[in-house]
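# Breakdown of the fold
Residues per chain are reported as follows:
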Amino acid sequence: MSVGIDRINFYVPRFYLDLRELAQARQQDPDKYTIGIGQDQMAIAPLEQDIIAMAANAAYPLLEEDDKDLIDMVLFATETSFDFSKAAAVYLHDLLGIQPYARAVEFKEACYAGTAALQMACDYVRLRPERKVLVLTSDISRYGLSSSGEVTQGAGAVAFVVSANPSILAISSQSLAYTSNQFDFWRPYYRREALVDGKFSNQLYQDIFVRLMGQFLNIDRETIAELETIHFHLPYSKMGMKALKALRDQNSDSLIQEKVDLWLERYPQTTYLGRRVGNIYTGSLYLSLISSLIYQESFEPSHKLALFSYGSGAVAELLIGELQDGYQKHLDIESMLDQLDQRQALTVAQYEQLYQESIPVTEDEFIVCQQATEPGFYLHRVDGHRRFYIFNKINPNPKTEIRVE
Ligand code: HMG
């Protein structure tokens, strides 16, 4: 019996910023952003599309009535949490109508947390193959305005259903993890923006990848030989390529030298979606997987794929998956790509205005969004420090422009 990702979907908020415009505003060469960093656009979330709303919108199209009775756990990974006690998963359990005798828990370890949730989900289903688990990743990444990290922001959610005999990707129980206490990127509870040592974070990411690959090669050379593609956690699209090149420079094993050429050849397809969305932290690796599932023409059933999960702080893991026959039939590619195409571009001034907005931290009722302009879940109001969500079945006014002046 195999276990893994049976269905997968992503959701991005309805605004984006063209990074050439940001480059102009920050007096940078646009090529630095689009070639040097490798990002074209970044997704921007208004207040009503918070981590809960985005995750609910990612998961909603995946769930059939039967699933709601079969799901035993809702596992939510984020580093954009707004509550130190109540798990974001509890809201999702309610909004999505999951059966009551289920667990709902939030996971944290920077961008790695989604992988911890996926691994827990797979282990659970290996013991109870008739049951399912819903895994959600949702984040809004924030660096300072005009900081070097600004161009690597993003927002979005990825949801997947884990089951036995999955339709998309079987996850091997064999994987390799690595932990090392580091200060490359972190966000103390009193800050809205992350603290980051950008150059060090790049170096650490590459060092840990090279180290994990070297160790995996020692343990299971055969699997490395079979790997068709490696997917990366992508804070920006060039990061994985830098890691592959570092591996080629630092590991002289002939198998690695031969395989890195193939992995680099297939690398661009793993980045197409991320280039338009930006860093969505816990979901970035899985957005890269979806990108490959959509765009990789050379994929065939039973191809072995690797997923390199990296979370600052730092924890990393190399996962191995096996592509399932007919996987594309189980992806709603048209809807996923439509939502990207239908987003509205912001000017830099509009982006900066949205960036400054926040929900007041008072007891008073605060209406976040009276009437959503698009279908789906959104944050309606905060009252007495409680968040309330609404599901909008239809777009009340498709021609409505954004509410930012
Ligand atoms: P920077 O220092 O402004 O950029 O910020 P740079 O000067 O290093 O330039 C970037 C690249 O653009 C370089 O290429 C330049 O040569 C090139 P590289 O040497 O890297 O190949 N370049 C140009 N190319 C074409 N035309 C030009 C031009 N000018 C320069 N005119 C940095 C870059 C990534 C440091 C910054 O954006 C940052 O701090 N980002 C946030 C941290 C980050 O993303 N780190 C990645 C690893 S850590 C991670 O992945 C975890 C994370 O997701 C958090 C979590 O786990 O929760 C962040």
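Positions within a chain are numbered from 1, following the residues in the order the chain's sequence is written. Local features in this predicted model are restricted to residues of pLDDT 70 or higher, and side-chain atom pairs are both shown and tallied only at a pLDDT of 80 or more, whereas totals for entire chains, interfaces and linings draw on every residue. Side-chain figures throughout are based on the complete set of non-hydrogen atoms in the structure, without hydrogens or water.

Our focus in this paragraph is the packing of aromatic side chains. Centre-to-centre distance and the angle between the planes together describe a pair of aromatic rings. Side-chain rings of Phe, Tyr and Trp (the six-membered ring for Trp) are treated as a pair once their centres are within 6.5 Å; stacked means planes under 30 degrees apart, edge-to-face means over 60, and tilted covers the remaining angles. Tallying each qualifying case throughout the model produces 21 aromatic pairs. Consider the rings of Phe84 and Tyr189, whose centres lie 6.1 Å apart with planes at 85 degrees: the pair is edge-to-face. Residue Phe84 is found in the loop between strand S4 (71–77) and helix H5 (88–95), and its partner Tyr189 is found in the loop between strand S9 (185–186) and strand S10 (195–196); the two are separated by 105 residues along the sequence. By relative accessible area, which is 72% here, Phe84 ends up exposed. Geometrically, the ring pair formed by Phe160 and Tyr286 is tilted, given 5.0 Å between the ring centres and 45 degrees between the ring planes. Of this pair, Phe160 sits in strand S7 (residues 154–164) while Tyr286 sits in helix H12 (residues 284–295), and the two are 126 residues apart along the sequence. Per residue, the accessibility class of Phe160 equals that of Tyr286, and both read buried. A connected cluster of aromatic rings, assembled from ring pairs, spans Tyr205, Phe209, Phe232, Tyr267, Phe308 and Tyr310. Ring-over charges, as used throughout, are those where CZ of Arg or NZ of Lys falls within 6 Å of the ring centre and within 35 degrees of the ring normal. In this arrangement the basic side chain of Arg387 is found over the ring face of Phe82, its NZ or CZ atom lying 3.7 Å from the centre. Elements are defined by DSSP. Helices are runs of H or I of four residues or more, strands are runs of E of two residues or more, and each kind is numbered from the N terminus. Burial here depends on accessible area, computed with a 1.4 Å probe over protein chains only, as a share of the maximum for the residue type. Under 20% is buried, over 50% is exposed, and the range in between is partly exposed.

Glancing now at unusual backbone geometry. Residues other than glycine predominantly adopt negative phi, and peptide bonds predominantly adopt the trans conformation. Here the bond from Gly313 into Ala314 is cis, since omega is 10 degrees, no more than 30 degrees from zero. Tracing the backbone through its elements, the reader meets Ala314 in the loop between strand S12 (304–311) and strand S13 (315–323). The phi angle at Gln27 is positive, at roughly 55 degrees, despite the residue not being glycine. On the secondary structure map, Gln27 appears in the loop between helix H1 (19–25) and helix H2 (30–37). The class of Gln27 is exposed, set by a relative accessible area of 75%. Although it is not a glycine, Ser302 adopts a positive phi angle of roughly 70 degrees. Mapped onto the elements of the fold, Ser302 is located in the loop between H12 and S12.

Spatially, 9 strands are ordered S5-S4-S6-S7-S1-S8-S13-S12-S11 in an open sheet, and the strand pairing comes out mixed. Because the sheet does not close on itself, it has two edges, and the strands there are strand S5 (103–107) and strand S11 (227–232). The mean angle between the axes of side-by-side strands here comes to 25 degrees, regardless of whether they run parallel or antiparallel. Pairing of S12 with S13 involves 8 bridges; the strand directions are antiparallel. Considered in S13, the bridge of Leu307 is made with Leu319. Sitting on the sheet, helix H3 (residues 51–59) touches strand S1 (3–11), S4, strand S6 (132–141) and S7, and the angle it makes with S6 is about 135 degrees. Pairs of strands are assigned from DSSP output, requiring at least two bridges between the strands. Between the N-to-C directions of two axes lies an angle of 0 to 180 degrees, each axis being a line fitted to C-alpha atoms and, for a helix, fitted only over the stretch in contact. Pairs of residues are marked as contacts when any of their non-hydrogen atoms sit within 4.5 Å.

Let us look at the domain arrangement of the protein. Note on interface size: it is often stated as the accessible area lost on association of the parts. Segmenting the protein into domains produces domain 1 (3–168 + 333–364), domain 2 (172–330) and domain 3 (365–404). Taken together, the contacts link 29 residues of domain 1 with 21 residues of domain 3. Each salt bridge in this description consists of a side-chain nitrogen of Lys or Arg and a carboxyl oxygen of Asp or Glu lying within 4 Å of one another. Along the contact surface separating domain 1 from domain 3 lie 1 salt bridge. Of the charged contacts, one joins Arg387 and Asp50 as a salt bridge, the two residues approaching to 2.9 Å between their closest N and O atoms. N or O atoms within 3.5 Å of each other form a polar contact, as long as, within protein, one can give a hydrogen and the other can take it, and as long as residues adjacent in sequence are counted only when both atoms are side-chain atoms. Along the contact surface separating domain 1 from domain 3 lie 9 residue pairs in polar contact (both at pLDDT 80 or more). Within the residue set of the side of domain 1 that touches domain 3, elements represented by two or more residues are H3, H5, strand S14 (344–346) and helix H14 (348–356). With 4 residues, the top contributor of residues to the side of domain 1 that touches domain 3 is H3. Each domain's extent is set by a domain assignment, obtained either automatically or from a database.

Near residues are defined by distance, with any heavy atom within 4 Å of the molecule or strand qualifying the residue. Around the ligand, a shell composed of 29 residues is seen, among which Glu79, Cys111, Lys199, Lys238 and Lys242 lie nearest. A distance of 2.8 Å separates an oxygen atom of the ligand from a polar backbone atom of Ser148. Calculation of accessible area relied on Shrake-Rupley with a 1.4 Å probe; when residues are assessed, cover is drawn exclusively from the protein chains displayed. Protein chains bury 76% of the 1100 Å² of accessible surface belonging to the ligand in isolation. Those elements that provide at least two residues to the shell around the ligand are H2, helix H7 (198–219), helix H9 (238–250) and S12. Residue contributions to the shell around the ligand peak at 5 residues, all from H7. When its residues are assigned to classes, the shell around the ligand shows 11 nonpolar, 11 polar and 7 charged. In this count, Pro and Cys sit with the nonpolar residues alongside Ala, Val, Leu, Ile, Met, Phe, Trp and Tyr, while Asp, Glu, Lys and Arg are called charged and the others, Gly among them, polar.

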